[in-house]
Amino acid sequence: MKLLLHWVTGASTILRTVRVQVSPLRFKHTSQTLLCISMSKGDSTAVRTMSDAQLFEAQFDELVTELTKRDYQDPVLADALGRLREVLIYNTPGGKRNRGLSVIGSLRELLPPSQLTQDTVQRALVVGWCIELLQAFFLVADDIMDGSVTRRGNPCWYKKREIGLDAINDSFLLEGAIYRLLRRHCRDQPYYVHLLELFNEVAFQTELGQALDLMTSPPGNIDLSRFTMERYKAIVKYKTSFYSFYLPVAAAMYMAGISCEQEHSNAKHILFEMGEFFQIQDDYLDCYGDPAVTGKIGTDIQDNKCSWLVVTAMGIMNAEQKAKLEEFYGRNDDASVEKVKELYQALQMPEVYQRYEEESYLRLQKLIADHAKNLPHSIFLNFAKKIYNRKK
């Protein structure tokens, strides 16, 4: 299926999707890429647009079909491919899609409209979904390790009836789908090897970050001396920043022909600041967010997590408060969790967080000015708009 150029005919209506040329100035301020012209007998022409988000959504069903019906044809794999379809549909969509959409969004800032061909846009959408698949792979496994209950407002995949620890293999299926899609859609492109190396490296870096996280907060072994800001920032950098922030922008840079190590290093300086703030924000929402909005029930306190809240609180609390924290943190009962939250309130942690958010945004502005000399500032500002002041 070609999303950017196709005909659909009906009894009285012809729907045609065509590429449109947009001036560079206007192009920087829109995510619209298509005009869909509906021509009905006796009706005037109606024009509507498809946004990148709409294109991205439409691409997903096509990729599921590709992976489960057009890939392996051996009939003995029917049950396994059916399972793959379930895994893909349950775990991949449903999030905010910021990572995936940032590939096409960043590419639009890096290339002039004349170079954004139908095939280029199509491949950017596929690479974006590969990042969403990587995210799904991590989350399915992470929920098992953390003993989480809900994800995106639904039961975690491993919590579903008859799934259990079979979800471990399902997470492998999600990871494997990434490289099948990259090979099918990007193998003949000059940046193919760059993308393969990028995905492999970022996956390994994220797994190292997860290892640090698990080693710092082992279940049932509460030792708050492990909780330092240095360790926290290392976990965030490797577990979150590489795949959530650097990966989508780096993928777009490679697709645009930017492979210079210095430019990628410049991008990292900026994106790591955003990644760190994003995780701090996530930690804050775990405690103070509304589960009806965030889609998950926070468990950092009872899971003995090395979160920004506890590390920052330890830096400002007195000896008596620290003793209470050591008594109640990491205990899996409502009363202990409430005691920790009372300590946070006494230390005015919401106000401390608000100040940090403001300071982080100012640091981000300076990093963009210092490091994005040859890259469009809009790439980073567009990302920032999605994360600062978010509620989920």
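Rules and cut-offs
- Residues numbered from 1 in each chain as written.
- Predicted model: local features only at pLDDT ≥ 70, side-chain atom pairs only at ≥ 80, totals over all residues.
- Heavy atoms only, no water.
- Helix = DSSP H or I, 4+ residues; strand = E, 2+ residues; numbered from the N terminus.
- Buried < 20%, exposed > 50% of the residue type's maximum accessible area, 1.4 Å probe, protein only.
- Contact = heavy atoms within 4.5 Å.
- Areas by Shrake-Rupley, 256 points an atom, 1.4 Å probe, with all protein chains shown as cover.
- Patch = residues over 30% accessible without salt bridge, like charges linked within 9 Å, V, L, I, M, F, W, Y side chains within 5 Å.
- Salt bridge = Lys/Arg side-chain N within 4 Å of Asp/Glu carboxyl O.
- Phe/Tyr/Trp six-rings, centres within 6.5 Å; stacked < 30°, edge-to-face > 60°.
- Lys NZ or Arg CZ within 6 Å of the ring centre and 35° of its normal.
- Polar contact = N/O pair within 3.5 Å; in protein donor to acceptor, adjacent residues only side chain to side chain.
- Core = buried A, V, L, I, M, F, W, Y, C linked by side-chain atoms within 4.5 Å.

**Description of the overall build of the protein**
Of regular secondary structure, the protein possesses 15 helices and six strands. In the protein, which comprises 392 residues, the proportion classed as buried is 50%. For the protein, restricting intrachain contacts to residue pairs at least 6 apart in sequence, the fraction spanning at least 24 positions comes to 71%. Of the accessible surface of the protein, which amounts to about 19,000 Å², a share of 52% is contributed by carbon and sulfur atoms.

**Some remarks on the environment of Y246**
Of note, Y246 is situated in helix 8 (residues 229-255). Once the C-alpha coordinates of Y246 and H264 are considered, the two residues, 18 residues apart in sequence, prove to be 8.8 Å apart. Dropping the residues within four chain positions of it, Y246 is found in contact with L198, S241, H264, K268, L271 and F272.

**Regarding a nonpolar patch on the surface**
On the surface, Y72, V76 and L77 cluster together to form a nonpolar patch covering roughly 300 Å² of accessible area. With relative accessibility at 30%, the residue L77 sits in the partly exposed group.

**Observations regarding unusual backbone geometry**
One non-glycine residue with positive phi stands out, namely R97, at about 65°. Within the secondary structure, R97 sits in the loop between helix 3 (78-91) and helix 4 (98-110). When its relative accessible area of 21% is taken as the criterion, R97 is described as partly exposed. Even without glycine at this site, R152 takes up a positive phi of about 55°. Tracing the chain through its elements places R152 in the loop between strand 5 (150-151) and strand 6 (154-155). Its relative accessible area of 26% is what places R152 among the partly exposed residues.

**Observations concerning the packing of aromatic side chains**
With the rule as written, the count across this model stands at 19 aromatic pairs. Between W308 and Y356, the ring centres sit 5.6 Å apart and the planes meet at 50°, which makes this aromatic pair tilted. Of this pair, W308 sits in helix 11 (residues 308-316) while Y356 is found in helix 14 (residues 349-371), placing the two residues 48 residues apart along the sequence. Residue W308 shares its accessibility class with Y356, and that shared class is buried. Members of the aromatic cluster, each reached through a chain of ring pairs, are F277, Y284, Y288, W308, Y353, Y356, Y361 and Y388. Taking the ring centre of Y246 as reference, the NZ or CZ of K268 above it sits at 5.0 Å.

**Description of the side chain of D143**
Within the fold, D143 resides in helix 5 (residues 118-146). Judged by its relative accessible area of 3%, D143 falls in the buried class. Separated by 2.6 Å, the side chains of D143 and R151 make a polar contact. Residues within four places of D143 in sequence aside, it is in contact with S148, R151, C156 and Y158.

**Looking at the nonpolar core**
In a soluble, globular protein the nonpolar side chains are often hidden away together inside. Ranked by size, the top nonpolar core spans 110 residues in total, and within it L134, M274, Y344 and F380 carry the most contacts. With 15 residues, helix 5 is the largest single contributor of residues to this core.

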